[in-house]
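# Overview (structure and organization)
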Amino acid sequence: MTDHAPVVRLDGITMTFARGGQALTTALEDIDLEIRRGEFVSLIGPSGCGKSTLLRIIGDLITPTAGEVTVNGKPATRARLDRDYGMVFQAPVLFDWRTVQGNVELPLEILGFDRAKRTARAREMLELVELGDFVRHRPYQLSGGMQQRVAIARALAFEPSILLMDEPFGALDEMTRERMNLEVLRIWEQTGTTVVFVTHSIPEAVFLSSRVVVMSPRPGRITNVIEIDLPRPRNDATRETDRYFELVTAVREALHHRGGTGDPAGSAAGPTSPSAGRLAAEGAVG
């Protein structure tokens, strides 16, 4: 699924927010990270640690105070202009006066696709997210999970090489969230798109990811990167395995600075018994 060429490279990223020329808050400090093509990487850390800020820096929505962002071998601004990114936010941000298909077509209209190509691509993406029977519905007629699937279809419509997802399932109930986790994995496996995913949920990060990047409280730094070696394809049974619970515990301990900072493989060793892992996973959503 992945190769070794970094599609995203962050070198020395620091972000300080200022007002009137006076520094107020350092959100991120000295972030170095490489993300390989085809990976699914989750960013996790306490509230206010700069996860979403880092995602927006990768997407060139904001410019870091210091450091360099390289995407597909070019500066982030060039990558944005080349439409290398798709982005999904926590709220789906759909337009109720447009149909589901019309919402998915919107970025293609902006890019100047003709009507036939827009229609074909939008319907292809809606079939991908299993909403092909809802093309003429309005967003308000859909459930929250279905609306997020429309947002994902829209983000993928122009075939970006990178999908940036900022807590896209945070507002959903737990059962819908678990179904959406399965959906996004299915889409990722079918498209091969590199995914960078922000979440507060430890179980979600472990279930979805190739690697979990653990961040410290503000100013956000990377304190650990944990390889997730769960076999694929993943399904509901994955969440019941001992290794899953061990990795949830490893991420949890890393967040509390008990897992070490220099050896991701060692930090993922997990608890000494499966029962300990299951206990540690109780209430693991942060």
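First, a word on what this report is: a plain description of the structure on this page.

What counts as what
- Each chain has its residues counted from 1, following the order in which its sequence is written.
- In keeping with the model being predicted, local features are shown solely for residues with a pLDDT of at least 70 and side-chain atom pairs are shown and tallied solely at 80 or more, while totals for entire chains, interfaces and linings include all residues.
- In computing side-chain values, all of the structure's heavy atoms are included and hydrogens and water are not.
- Counting from the N terminus, the helices are the DSSP runs of H or I reaching at least four residues and the strands are the DSSP runs of E reaching at least two.
- Here's how the labels work: a residue is buried when its accessible area is under 20% of the maximum for its type, exposed when over 50%, partly exposed in between, all with a 1.4 Å probe on protein chains only.
- The nonpolar core is taken to be a set of buried Ala, Val, Leu, Ile, Met, Phe, Trp, Tyr and Cys residues, with the residues joined through side-chain atoms within 4.5 Å.
- Residue contacts are defined here by distance: any two heavy atoms, one from each residue, within 4.5 Å place the two residues in contact.
- When two rings of Phe, Tyr or Trp (its six-membered ring) have centres within 6.5 Å they constitute a pair, described as stacked for plane angles under 30 degrees, edge-to-face for angles over 60, and tilted for the intermediate range.
- Pairing between strands is defined by DSSP: at least two bridges between the two strands are required.
- Here the axes come from fitting lines to C-alpha atoms, over the contacting stretch only for helices, and the angles between their N-to-C directions go from 0 to 180 degrees.
- Pairing of N or O atoms within 3.5 Å defines a polar contact, subject to two protein rules: one partner must be a possible hydrogen donor and the other a possible acceptor, and residues neighboring in sequence count only if both atoms are side-chain atoms.
- Within this document, salt bridges are pairs made up of a side-chain nitrogen of Lys or Arg and a carboxyl oxygen of Asp or Glu, the two lying within 4 Å of each other.

### Quick notes on the environment of Glu178
On the secondary structure map, Glu178 appears in helix α6 (residues 174–191). Judged by its relative accessible area of 31%, Glu178 falls in the partly exposed class. Between the C-alpha atom of Glu178 and that of Phe207, which follows or precedes it by 29 residues, the distance is 9.6 Å.

### So, the nonpolar core
Formed by 52 residues in total, the largest nonpolar core has its most connected members in Ile152, Met165 and Val206. Ignoring anything within four residues of it in the chain, the contact list for Val206 reads Val212, Ile228, Leu230, Arg234, Tyr244, Leu247, Val248 and Val251. By size, the runner-up hydrophobic cluster in this structure holds 30 residues, among which are Ala27, Leu33, Val41 and Val198.

### Examining the packing of aromatic side chains
Applying the stated criterion across every chain yields a total of five aromatic pairs. Between Phe95 and Trp97, the aromatic rings sit 5.0 Å apart at their centres with planes inclined by 45 degrees, giving tilted as the arrangement. Judged by its relative accessible area of 64%, Trp97 is exposed. Ring geometry for Phe169 against Phe197: centres 6.0 Å apart, planes inclined by 50 degrees, an arrangement best described as tilted.

### Topic: the sheet that holds strand β10 (residues 222–227)
Neighbouring strands of a sheet are bound in pairs by backbone hydrogen bonds; such pairs are parallel or else antiparallel. The strand order across the open sheet formed by six strands is β6-β7-β8-β3-β9-β10, and the pairing between neighbours is mixed. Each of the sheet's edge strands pairs with one partner strand only, and the pair in question is β6 (85–88) and β10. On average, each strand axis in the sheet is inclined to that of its neighbour by 15 degrees, with strand direction left out of account. Two elements, β6 and strand β7 (residues 162–166), share four bridges in a ladder whose sense is parallel. Residue Gly86 lies in a different strand from β7, and its bridge partner there is Leu163. The strands touched by helix α5 (residues 144–156) within the sheet are β6 and β7, with β6 carrying the most contacts at an inclination of about 170 degrees.

### Observations regarding the side chain of Ser201
With respect to the helices and strands, Ser201 occurs in the loop between β8 (194–198) and α7 (202–208). One polar contact links the side chain of Ser201 to the main-chain amide nitrogen of Glu204, over a distance of 3.1 Å.

### Concerning the pattern of salt bridges
Opposite charge on two side chains permits pairing when their charged atoms draw close. Scanning the model with the defined rule gives 19 salt bridges in all. Where Asp82 meets Lys74, a salt bridge forms, and the shortest distance between an N and an O atom there is 2.8 Å. Salt bridges sharing common partners tie together Lys74, Arg78, Asp82 and Asp84.

### What to know about unusual backbone geometry
Look at the link from Arg218 to Pro219: it is a cis peptide, with omega at 0 degrees. Along the chain, Pro219 turns up in the loop between β9 (211–215) and β10. The amide bond that connects Arg232 to the next residue, Pro233, takes the cis arrangement and shows omega of 0 degrees. Here Pro233 is to be found in the loop between β10 and α8 (242–255). Positive phi outside glycine occurs at Asn72, with the angle close to 50 degrees. Secondary-structure assignment places Asn72 in the loop between β4 (66–71) and β5 (74–75). At Glu159, a residue that is not glycine, the phi angle is positive and equals roughly 55 degrees. Position of Glu159 relative to the elements: it lies in the loop between α5 and β7.

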